[in-house]
Amino acid sequence: MVKKFFLLALVFSSFVLFGKKSDPNKEDTSPLAIIKNDISTLCSAKFAGRLTGTQGDELSAEYIESRFKAIGIEAYKGKYQWDFNFKGGVRLGSNAYFKVFENKLMLGSDVVFLPYGKGNSISGSAMPNVNEPDNVWLIPVSKLKLNSTNNPQKILHEYAADCAQKMAAAVLFLNDGDAAQDLSMANLSSFEQVDIPVAYMNAKAYQTYIKPSLKNDWIVVEGKMGYENTNVISRNVVASIDNKAPFNMIIAAHYDHLGDLGGLHSGADNNASGVAALLSLAGMVKANNLKRFNYIFVALSGHEFDMQGAKAFMQQNEFIINNISCMINLDMVGRYDAVKKDLFVSGVGTSPSWLPALQKASKGYVLNVDSSGVGYGDYNAFYYKNIPVLNVSTGFTDDFKRMSDNESNINYGGIMEVAGFAFRIMAELDKQTKMIFNQTVSSVPALNKLKSDIGVVHDFTFNQNGCRVATTEPESKAAKAGMLRGDVIIKIGAFTIIDADDYIEALTKSATGKEVTIIVKRGKVDYKFFVVL
């Protein structure tokens, strides 16, 4: 039976690679063309970066639903879109505005009101660094040295709180430097309330409206916030093949991304590629008539906001948790290197069934394996419910969470490879009943609690001495210092780094606010970086 599955999958791939040239006037409906269209659609300007809770999020869900219908996979329990209450903080009311003299600025792009500020309006005549009691204070951020910290918003909050104690009526931070320090409504952190209104003017608006007015006696600013809660509706898109089997297999990929942070973040690899692979894999499962499990395909939202979509799915399906055999997650599968043939697989230790299945499915690939069931993906929510999980990826890149993560870098044939790889794993599992769950050890919870983290995303598949950098967070200390994907951190200050535990200890015991020397191995050469914690 399994041979039949492999034969059909092979025919499926062969059609892509060796099919006859189609009529140029006829729409290309080959599997490869469909994958490319899925990614192009999800990455288009119309979808605006697929930020959770926005119109782009809603349009993405509608598109994915239409694709499940086209494949012929039915809605899960009668509906495709499963709403959940997305907790995204706050948003501006419809009557909000901001002016410099009579020039009206764009809220959310020119000026961002910070939600921890108390009060509904900013008004006054002032100049930068002329701080009069009971007036608005205009604070150039260059004096705060935000680029010396990995948490600039915390510095802003602390400074605003200090201004409130010194009798400022309101604070307007002015980004008089690098546009990389701009803020948007999508990336605001939560802090304790400050007793005055607080706003942040981004770099372009400063150059346009403030800098030309510095020769005046004063600058008139006026604004109204009208903040409202943004507990809005988002949705997961769920389809299923119901075989009336006793156990379920979940196959998932998140579809949301970062929206427009001073420019479109289309998220081609992260994670339009995963959605395209999910849809392709769903077609393979249907075509090959796998019967052992009920197959539930889930396109998740809310990943970029504490994986709220995955958690909502678990809450909405508590009644079937004991009947879930396993979960396979597809995350960032668009950068397959056909020469190196690397695939990154996490969660292998969560069940004794994974390794034998991987060994049979991985012929021709180089597997980079992490045993832990806790990492950087939505599969965490399933692991914490004692469900075996497997995350499949082509790996992090230096484009992670950056505007450069676009379609031009995608290997569409590689996505087909990943979908076929996942299908072969599923075909192997079709011989089994419910999988056994094993607990694993992870460094991720401790890493997430670090107060002096430098923005390194760890490659947990690395099994040699040191900590290998999978990528860096945008604008983090590690990124600004020049650390790159593949660098191996071998020393932090006086601490020799053997594994993630040493990394955690080093950053925990190193003094914050002071410079530390970090040594990394890049190929055969050791490089020194100097970072202020």
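In what follows, the structure referred to is the one given above.
Calculation rules
Counting from 1, residues in each chain are numbered in the order their sequence is written. The predicted nature of this model means local features are confined to residues of pLDDT at least 70 and side-chain atom pairs, given and counted, to a pLDDT of 80 or more, with totals for whole chains, interfaces and linings taken over all residues. To get the side-chain values, take all heavy atoms of the structure and skip hydrogens and water. Numbered from the N terminus, helices here are DSSP runs of H or I no shorter than four residues, and strands are runs of E no shorter than two. To estimate how far a helix should reach, multiply one less than its number of residues by 1.5 Å. Each residue's exposure class comes from its accessible area (1.4 Å probe, protein chains only) as a fraction of the maximum for that residue type: buried when under 20%, exposed when over 50%, partly exposed otherwise. When checking whether two residues touch, look at their non-hydrogen atoms; a contact exists if any pair is within 4.5 Å. To qualify as a nonpolar core, a set must consist of buried Ala, Val, Leu, Ile, Met, Phe, Trp, Tyr and Cys residues joined through side-chain atoms within 4.5 Å. Just to be clear on terms, a salt bridge is a Lys or Arg side-chain nitrogen sitting within 4 Å of an Asp or Glu carboxyl oxygen.

Peer 1: Looking at this structure, how should I read helix H3 (residues 55–71)?
Peer 2: An α-helix turns once every 3.6 residues. As a result, residues three or four positions apart point the same way. For H3, spanning 17 residues, the distance from its first C-alpha to its last is 25 Å, which sits close to the expected 24 Å at 1.5 Å a residue. Here H3 has its buried residues at Gly-56, Asp-57, Leu-59, Ser-60, Ala-61, Tyr-63, Ile-64, Glu-65, Arg-67 and Phe-68. Positive phi appears at Gly-72, one or two residues downstream of H3, with a value of about 95 degrees.

Peer 1: Explain the environment of Ala-75 here, please?
Peer 2: As for its placement among the helices and strands, Ala-75 is situated in strand S1 (residues 74–75). Along the sequence, Ala-75 and Ile-296 sit 221 residues apart, while their C-alpha atoms lie 9.5 Å from each other. In this structure, Ala-75 is in contact with Tyr-80, Val-238, Ala-239 and Ser-240, ignoring residues within four places of it in sequence.

Peer 1: Explain the nonpolar core to me, please; I cannot follow it from the model alone.
Peer 2: The nonpolar side chains of a soluble globular protein tend to be buried with one another. Ranked by size, the top nonpolar core spans 65 residues in total, and within it Ile-39, Phe-68, Tyr-295, Phe-297 and Leu-330 carry the most contacts. Here this core gets 12 residues from one element, more than from any other, and that element is helix H10 (residues 412–429). Apart from the residues lying within four places of it in its own chain, the contact partners of Phe-297 are Phe-68, Ile-73, Val-237, Val-238, Ala-239, Ile-241, Ile-251, Leu-278, Ala-282 and Val-285. Counting residues in each nonpolar core, the second largest holds 23 residues, with Tyr-76, Val-298, Ile-321 and Val-389 among its members.

Peer 1: Could you clarify how one ought to interpret the environment of Tyr-336 in this entry?
Peer 2: Topologically, Tyr-336 is positioned in the loop between strand S16 (324–330) and strand S17 (342–346). Spatially, the C-alpha atoms of Tyr-336 and Ile-415 are 7.3 Å apart, while their sequence positions differ by 79 residues. Not counting the four nearest positions on each side in its chain, Tyr-336 is found in contact with Lys-341, Asp-342, Leu-343, Tyr-365, Thr-394, Asn-411, Gly-414 and Glu-417.

Peer 1: Is there a simple way to explain the pattern of salt bridges in this structure?
Peer 2: Oppositely charged side chains are able to pair whenever their charged atoms sit close together. Following the criterion strictly, the structure yields 16 salt bridges and no others. One salt bridge connects Asp-57 with Arg-235, and the closest N-O pair in it is separated by 2.8 Å. A residue pair is termed long-range when its members are at least 10 positions apart, and Asp-57 in helix H3 and Arg-235 in strand S11 (residues 227–241) qualify at 178 residues. Residue classification places Arg-235 among the buried residues on the basis of a relative accessible area of 9%. Between Asp-487 and Arg-522 there is a salt bridge, and its shortest N-O distance comes to 2.8 Å. Here Arg-522 lies in strand S24 (residues 515–522) and Asp-487 lies in the loop between helix H12 (477–481) and strand S22 (488–492), a separation of 35 residues in the sequence.

Bear in mind that shape data such as this cannot, by itself, settle questions of function.
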